[in-house]
Amino acid sequence: MPVYRRSSGETAEAEAARAQDVLRLWGEEEGAIAAKVNGIPVDLNAFVPDGAVVEPILASTEEGLDILRHSASHLMAQAIKRLYPGTKLGIGPAVEDGFYYDVDPPQSLTEDDLQKIEGEMGRIVKEALPVERLELPRDEVISIFKERGETYKLELIEEIEDPFISLYRQGEFIDLCRGPHVPNTSYIRHFKLLSLAGAYWRGDERNPMLVRVYGTAFPTAESLRSYLDRLEEAKRRDHRKLGRELDLFSIQPEGPGFPFFHPKGMTIVNVLLDFWRKEHVKRGYMEVRTPLILEQSLWIRSGHWDHYRENMYFTEIDGRPFAIKPMNCPGSILIYKSQLRSYRDLPLRMAELGTVHRHERSGVLHGLMRVRCFTQDDAHLYVTEDQIKDEILGIMDLMHHIYGDVFGFPYRVELSTRPENAMGELSQWEMAESALKEALDESGTPYKLNPGDGAFYGPKIDFHLEDCIGRSWQCGTIQLDFQMPEKFDVTYVAADGSHRRPVMLHRTVLGSIERFLGILIEHYAGAFPYWLAPVQVRILPVKDDFLPYARDVEAVLKDWGVRTEVDLREEKLSRKIRDAQLQKVPYMLVVGAKEAEDRKVSVRERAKGDLGEMSLEGLEDLLNQEFNPF
RNA sequence: GCCGGUGUAGCUCAAUAGGCAGAGCAGCUGACUUGUAAUCAGCAGGUUGGCGGUUCGAGUCCGCCCGCCGGCUCCA
């Protein structure tokens with residue numbers, strides 16, 4: 001009699017059994033949607049070999065959720081094929097928050113069709129169709145999909161080398177699939193179709209475009225509900241909406257991808273940059289500024305002409321060709337080269353809040369997150385080879401300070417290596433890549449490897465911040481560059497009098513100021529911490545009679561360096577409070593007869609509410625307790 | 001750039017079936033003189049994104065262009 005084992009070590013004997021039967025021996029079949037046999041996920045009705053370890057996969061685990069969603073994508077594809085016969089199928093995987101299926105329907109689909117498809121999915125769920133795995137010889141599989149006109153599937157099969165190929169069938173629906181899946185369609189209860197979008201077949205823009213139908217599925221109604229609530233929350237936090245409501249910035253039809261910063265948005269940016277400058281001075285950087293437009297020949301020499309031309313804007317001055325800078329490095333190099341540099345000058349840390357223009361394709365623009373003109377908090381470090389590691393560690397420390405200590409953002413690190421269109425020698429790339437790795441290892445930073453994602457002039461370490469709804473944004477980057485110094489013949493005089501070539505480090509911390517502001521808006525849902533709030537305190541006179549006192553208080557606060565305004569309107573106090581709350585002003589000061597008499601203020605904090613009356617000194621103490629990274 | 005959707009007052013949204021472009025908020029004017037999340041009244045506000053077409057008649061139907069939204073590809 002075969003023996004089956006549990007991960008805990010327990011064993012049981014039974015006749016040749018399927019995974020579900022083995023789980024039942026231990027009372028573990030409840031809630032399982034698939035099983036793991038010797039660590040490999042399989043269907044519940046898969047036969048288990050003698051001696052195998054069998055564990056349940058629950059829908060509530062990450063692995064189980066993936067299976068549930070993958071099955072949901074099959075369910076959706078089946079519904080689509082029922083409603084729109086002749087639809088050809090692309091691929092339909094589970095993704096981060098749900099699943100999608102790329103389909104090629106005979107007619108175009110609209111949002112209204114989502115409801116219909118959902119309805120049909122509901123019917124298939126009720127049918128409780130068993131989901132069966134088939135393993136058939138290649139030829140047979142090919143003829144099945146030929147017969148069904150599934151040309152995309154045939155293309156996928158061509159790449160599978162195994163003599164046998166697995167398929168999954170539920171009712172009349174058959175799909176090429178590795179599995180595993182839920183045992184029958186009734187397991188998929190809590191799902192929702194979300195959106196439609198175009199997507200190129202196999203992600204290549206030369207291929208035909210299919211319709212990607214997005215949906216999500218969860219094990220319980222509550223978890224589905226909370227996910228949908230989270231989507232709503234994300235909408236509420238959308239920086240484009242808050243940017244308008246809080247009057248921070250706008251993007252006008254006259255400048256697609258070119259944001260306008262309004263006074264309040266600019267205040268936030270300036271506070272942020274004041275902090276940034278202080279921090280950089282502290283860490284031995286000097287600041288420079290280079291021109292926005294430079295002669296085309298410079299860009300040819302730098303390699304941008306060959307590697308980055310499609311993203312650049314060009315112009316002409318006095319009949320000579322010029323380019324608008326898409327990056328700040330060539331300008332920085334010109335400053336470096338403006339005089340002879342000694343090894344004593346290195347490491348030379350040259351920072352620049354550099355405004356760059358890049359031509360982004362119209363479809364990718366997105367509020368402040370993806371624009372055509374942005375300011376990078378750039379820096380170029382000129383270092384000797386044996387300074388590389390320490391300088392990288394120094395930059396990583398700065399990143400950690402700003403992301404972690406100041407903003408409390410979780411972040412991820414990725415190392416990107418040599419891309420296809422790379423410039424320069426392979427050996428230099430290897431040297432550069434291993435220098436970055438060494439720094440990462442020494443600092444003990446966990447990172448993900450992204451082969452082929454480096455810049456054309458060098459490998460890079462990217463820092464991805466995670467925002468409130470789990471999206472990640474690339475902000476900081478450290479790029480190691482042996483190419484530019486070479487191209488521009490950049491040198492320093494070594495101790496022995498010889499001319500040596502420095503290595504160049506390019507780096508940003510915030511990345512793009514625009515994008516960073518967008519992230520901050522969403523992260524704080526517009527309720528900026530006190531130190532960043534465009535208006536820190538709003539003074540609310542109870543009635544006009546107390547305007548003079550309100551002005552007095554305002555003058556005192558301004559003197560303390562607090563960003564203050566007075567609500568001058570002839571409105572009721574409750575109205576003024578409401579408006580200040582909606583503007584997410586951190587502190588409101590109510591001033592009326594009592595306050596004016598005693599030179600006091602009644603303080604209301606936007607989240608805590610009424611804090612009661614206090615003297616101006618008491619207020620000063622209170623404000624001084626607020627977080628301040630300076 | 002590509003696919004799909006969408007565009008009405010500063011904002012949010014109405015306008016049966018192709019038949020007089022409207023409301024709330026915001027703004028302005030006036031009244032009210034206000035104590036912890038919306039005082040009342042009046043006024044003003046529009047080339048319905050643009051251009052062309054169909055029609056007796058177009059916000060509505062068709063075509064092209066532009067912007068925006070969601071994706072794809074690409075990226076700070």
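The rules behind the values
- Residues numbered from 1 in each chain as written.
- Chains lettered and ligands numbered in written order.
- Predicted model: local features only at pLDDT ≥ 70, side-chain atom pairs only at ≥ 80, totals over all residues.
- Heavy atoms only, no water.
- Helix = DSSP H or I, 4+ residues; strand = E, 2+ residues; numbered from the N terminus.
- Buried < 20%, exposed > 50% of the residue type's maximum accessible area, 1.4 Å probe, protein only.
- Contact = heavy atoms within 4.5 Å.
- Salt bridge = Lys/Arg side-chain N within 4 Å of Asp/Glu carboxyl O.
- Pairing = 2+ DSSP bridges.
- Axes fitted to C-alpha atoms, helices over the stretch in contact; angles between N-to-C directions.
- Near = heavy atom within 4 Å.
- Polar contact = N/O pair within 3.5 Å; in protein donor to acceptor, adjacent residues only side chain to side chain.
- Nonpolar A, V, L, I, M, F, W, Y, C, P; charged D, E, K, R; others polar.

Peer 1: So, the overall build of chain A: which residues are in play, and what are the values?
Peer 2: Secondary structure assignment for chain A yields 19 helices and 33 strands. Seen through its principal axes, chain A has C-alpha atoms that stretch 85 × 75 × 55 Å. The buried share of chain A, reckoned over its 630 residues, is 50%. Of the contacts made within chain A by residues no fewer than 6 positions apart, 68% connect residues no fewer than 24 positions apart.

Peer 1: Could you give me a rundown of unusual backbone geometry, with the residues and numbers involved?
Peer 2: With an omega of -5°, the peptide bond running from Leu346 to Pro347 counts as cis. By the element assignment, Pro347 lies in the loop between α11 (329-336) and β20 (348-357). Within the chain, Lys584 stands out as a residue other than glycine whose phi angle is a positive 60°. Along the chain, Lys584 falls in the loop between α17 (573-582) and β31 (587-591). Lys584 sits in the partly exposed class, given a relative accessible area of 26%. One non-glycine residue, Arg599, adopts positive backbone phi at about 50°. Overall, the relative accessible area of 43% leaves Arg599 in the partly exposed class.

Peer 1: Go over the pattern of salt bridges with me, naming the residues and quoting the values.
Peer 2: A complete count under the given rule lists 40 salt bridges for this structure. Of the charged contacts in the structure, one is a salt bridge between Lys36 and Glu63, with a shortest N-O distance of 3.1 Å. Taken together, the residues Lys36 in strand β3 (residues 32-37) and Glu63 in helix α2 (residues 62-83) connect sequence positions 27 residues apart. According to the relative accessible area criterion, Glu63 is partly exposed, its value standing at 33%. Between Glu287 and Arg277 there is a salt bridge; the shortest N-O distance is 2.7 Å. Linking Glu287 in strand β16 (residues 286-288) with Arg277 in helix α8 (residues 263-282), this pair joins segments that are ten residues apart in sequence. The class for Glu287 is partly exposed, based on a relative accessible area of 41%. Each of Arg82, Glu120, Arg123, Glu127 and Glu172 takes part in a single network of salt bridges with overlapping partners.

Peer 1: I'd love a proper account of the sheet that holds strand β32 (residues 600-605), names of residues and values included.
Peer 2: Sheet architecture is open: five strands sit in the order β30-β29-β31-β32-β33, paired in mixed fashion. Two strands close off the open sheet at either side, each with one partner strand: β30 (564-566) and β33 (609-615). When strand polarity is set aside, the average angle formed by the axes of neighbouring strands in this sheet is 25°. Alignment of β32 against β33, held across six bridges, turns out to be antiparallel. Among the inter-strand pairings, Glu605 is bridged to a residue of β33, identified as Gly609.

Peer 1: Just give me the short version of the protein's contact with RNA strand B, but keep the residues and values in it.
Peer 2: Around RNA strand B, the surrounding shell holds 49 residues, and the nearest of these are Tyr200, Met209, Arg370, Arg575 and Glu595. Counting only the atoms of RNA strand B within 4 Å of the protein, the fraction contributed by sugar and phosphate is 46%. Contact between RNA strand B and Tyr214: a sugar or linking oxygen at 3.2 Å from a side-chain N or O atom of the residue. Contact distances for RNA strand B include 2.7 Å between a sugar or linking oxygen and a backbone N or O atom of Gln474. Going through the elements one at a time, β12 (190-200), β13 (209-218), α7 (239-245), β25 (472-481), α17, α18 (593-598) and β32 are the ones with two or more residues in the surface near RNA strand B. Per-element tally for the surface near RNA strand B: the top contributor is α17, with seven residues. Of the residues that constitute the surface near RNA strand B, the class distribution is 17 nonpolar, eleven polar and 21 charged.

The values are spatial; any link to function lies outside them.
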